[in-house]
Amino acid sequence: MIVSTARRVLVWRPARAAALLALLAVALLPLPASAAPPYAFDDPAHPSAVTVTGALPFLATIYGGEVEVMCITIVNKGPRMATRIGLSLAAVDAAGTVAGVDVSSLGGTFPVGVPVASTRSTSDIPNGNCDVIHSAAGFSQAHWSYPQFHGPFVPIVAFAVSAREIHYDDGTVWKAENLPQTGDHITMPANAPQNGPVHIAAMAAPGSPVDLTDAYQRAHASRQSQIPGALERQVCIAFANHDARIAKAVRTDFAFVNADGKVLGVQTFDIRGKFSSDGPVEDSRGGNCATMDGKWQPDGTFDYTDPQTGASGRVARIVASPLEVDFADGTSWQSSNPPKAGDVLGAR
């Protein structure tokens, strides 16, 4: 039975037979995501010498108002160094339709082939690589919307990024022949690029009455000085109870996995409430989000040290899976083979 709502770290010392490792690899199966923060990708209809190599979506509170912020990392692949780059960020819905286009102008130094994640800014967000959306009320990190001009807020899933113009250090200027427009249709990537260098995944556990339908990183800033280096970063889950019984507590494992697939350690997180089988339970204001026991670096990477085994290293994946479910009738379910420190979940 789950006896506490507090987060704590559980560590299982490697003592089982090697056959159980193979069983674990089969038992933990990926689930389709139900919702996640938007990602950024190169607009295939407007190619240029600027490409997107990373994205960090997060929420921020600016002057008491909540906004959605998308920061992107770009690379100049042109013939020489650039000193200013104008961008179009087309907010795209699930059908690939452009809900609106934001424009930004980035000034600074853009050497050829070097990722640039931050430039000077004159806005309330102290990073010119970040685009701000004043969202609809009731927004969450997993559900973003774009305010159409004189229209409704449209749910969006991605930003298609393209260069409007590129100023090079020799005085030459490249300008796009055509620009994205509201209402355009854009071909979406077959596989959504992940946001940030740490991959967050939801996994299934055999026999679990609760499925984790999504897992993703939530980043939040409450003041301008936190952006983007000191963001409060958490990992959030969405889940669905498929049992006829009402669940009152759901415990989830977060396994910290390095690039070789080795589990460095495991952290647990408890969610309490009243969860029936009438639909998914998704995060709205952080209630389904846990602060990870490790250190997020300013570049978005994550380092973890297990407090009991001392195992440490750079984390490539954080894998969430059901560990235990308590029901209102006093019964409970527990995973028969949860991930533990030392397990191998497969290389990234």
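Keep in mind that this is a model prediction, so the values were computed, not measured.

**Some points on the overall build of the protein chain**
Then, number 1: Within the protein chain one finds 1 helix and 24 strands.
Then, number 2: For the protein chain, buried positions account for 51% of its 348 residues.
Then, number 3: Long-range contacts, defined here as pairs at least 24 residues apart, represent 71% of the contacts in the protein chain between residues at least 6 apart.
Then, number 4: Here the protein chain has roughly 15300 Å² of accessible surface; of this, 54% comes from carbon and sulfur atoms.

**Remarks on the pairing of strand β23 (residues 317-327)**
Then, number 1: Taken across its 11 residues, β23 has 11 buried, putting it largely inside the fold.
Then, number 2: Relative to β23, strand β14 (residues 199-204) runs parallel, the two being bridged by 4 bridges. When the bridges of β23 are listed, H199 appears paired with R317.
Then, number 3: Inspection of the sheet shows β23 paired to strand β24 (residues 332-334) by 3 bridges, in the antiparallel sense. Within β24, the position partnered with E324 by the bridge is Q334.
Then, number 4: Taking the residues that link successive antiparallel strands as the turn, the β23-β24 hairpin has 4 residues, and the phi of G330 there is positive, at about 95°.

**Looking at the sheet that holds strand β22 (residues 312-315)**
Then, number 1: The strand order across the open sheet built from 3 strands is β20-β21-β22, with neighbouring strands paired in antiparallel fashion. Because the sheet does not close on itself, it has two edges, and the strands there are β20 (295-296) and β22.
Then, number 2: Judged from the 4 bridges that link them, strand β21 (residues 302-305) and β22 form a sheet pairing that is antiparallel. Each bridged residue has a counterpart across the sheet, and for Y304 the counterpart in β22 is G313.

**Examining the packing of aromatic side chains**
Then, number 1: Per the stated rule, a full pass over the model turns up 7 aromatic pairs.
Then, number 2: An angle of 35° between the planes, with centres 5.7 Å apart, marks the rings of F256 and F302 as tilted. Placement of the pair is F256 in strand β17 (residues 247-257) and F302 in strand β21, with a sequence separation of 46 residues. Like F256, the residue F302 is buried in the burial classification.
Then, number 3: With centroids separated by 4.6 Å and ring planes inclined at 50°, the aromatic side chains of W296 and F302 adopt a geometry described as tilted.
Then, number 4: By relative accessible area, which is 16% here, W296 ends up buried.

**Some words on the confidence of the model for the protein chain**
Predicted coordinates in areas of low pLDDT are best not read in detail.
Then, number 1: Overall, the prediction assigns the protein chain a mean pLDDT of 82, with 79% of residues at 70 or greater.
Then, number 2: Mean pLDDT values for the elements of the protein chain range from 30 in strand β1 (residues 8-10) up to 98 in strand β13 (residues 173-175).
Then, number 3: Low pLDDT, under 50, characterises residues 1-34; the stretch is placed with 87 contacts to residues that sit more than four places away or in other chains.

**With respect to the pairing of strand β12 (residues 158-168)**
Then, number 1: Burial analysis of β12 places 8 of its 11 residues in the buried class, the great majority of the element.
Then, number 2: Where strand β3 (residues 39-42) meets β12, 4 bridges bridge the pair, whose relative direction is parallel. Of the residues in β12, the one forming a bridge with Y39 is A158.

**Re the nonpolar core**
Then, number 1: Counting 30 residues, the largest nonpolar core has I237, F239, F254, M292, F302, V315 and I318 as the members making the most contacts within it.
Then, number 2: At the level of elements, β14, β15 (210-221), β16 (232-241), β17, β18 (263-275), β21 and β23 are the ones that each hand at least two residues to this core.
Then, number 3: Listed in part, the 27 residues of the second largest apolar core include I74, V116, V154 and A163.

**Focus on the pattern of salt bridges**
Then, number 1: Following the criterion strictly, the structure yields 6 salt bridges and no others.
Then, number 2: With its nearest N and O atoms 2.9 Å apart, the salt bridge here joins R245 to D243.
Then, number 3: One salt bridge connects R314 with D303, and the closest N-O pair in it is separated by 2.4 Å. With R314 in strand β22 and D303 in strand β21, this pair connects stretches of sequence that are 11 residues apart.
Then, number 4: Owing to a relative accessible area of 24%, D303 belongs among the partly exposed residues under this scheme.
Then, number 5: What emerges from the salt-bridge pattern is a single network uniting R80, D169 and D170.

**Quick look at the state of the cysteines**
Then, number 1: With the rule as written, the count across this model stands at 2 disulfides.
Then, number 2: The residue that forms a disulfide with C71 is C130, at a sulfur-sulfur distance of 1.9 Å. Its torsion about the S-S bond being 100°, the disulfide of C71 and C130 is classed as right-handed. Of this pair, C71 sits in strand β5 (residues 65-76) while C130 sits in strand β9 (residues 130-133), and the two are 59 residues apart along the sequence.
Then, number 3: Across the disulfide from C236 sits C289; the S-S distance is 2.0 Å. Around the S-S axis, the bridge from C236 to C289 shows a dihedral of about 100° and counts as right-handed. One end of the pair, C236, is in strand β16; the other, C289, is in strand β19 (residues 289-290), and 53 residues separate them in sequence. By the burial criterion, C236 is buried, and C289 matches it.

About the criteria used
Every residue gets a number counted from 1 within its own chain, in the order that chain's sequence is written. The predicted origin of the model limits local features to residues at a pLDDT of at least 70 and limits the giving and counting of side-chain atom pairs to 80 or more, whereas totals for whole chains, interfaces and linings rest on all residues. Water and hydrogen atoms were dropped before computing side-chain values, which therefore reflect all heavy atoms in the structure. Each helix corresponds to a stretch of at least 4 residues labelled H or I by DSSP, and each strand to a stretch of at least 2 residues labelled E; elements are numbered beginning at the N terminus. Burial classes follow relative accessibility: with a 1.4 Å probe on protein chains only, a residue under 20% of its type's maximum area counts as buried, one over 50% as exposed, and anything between as partly exposed. Any two residues whose heavy atoms approach within 4.5 Å are treated as being in contact. What sets the accessible areas is the Shrake-Rupley method with a 1.4 Å probe; for residues, cover comes only from the shown protein chains. Only when DSSP finds a minimum of two bridges between them are two strands counted as paired. Between 30 and 60 degrees the pair is tilted, below 30 it is stacked and above 60 it is edge-to-face, where a pair is any two Phe, Tyr or Trp rings, Trp via its six-membered ring, whose centres lie within 6.5 Å. Confidence scores here are pLDDT values: one per residue, from the predictor, ranging 0 to 100. In these notes, a set of buried Ala, Val, Leu, Ile, Met, Phe, Trp, Tyr and Cys residues joined through side-chain atoms within 4.5 Å is what counts as a nonpolar core. By convention in these notes, a salt bridge is any Lys or Arg side-chain nitrogen within 4 Å of a carboxyl oxygen on Asp or Glu. Any pair of cysteine sulfurs within 2.5 Å is marked as a disulfide.

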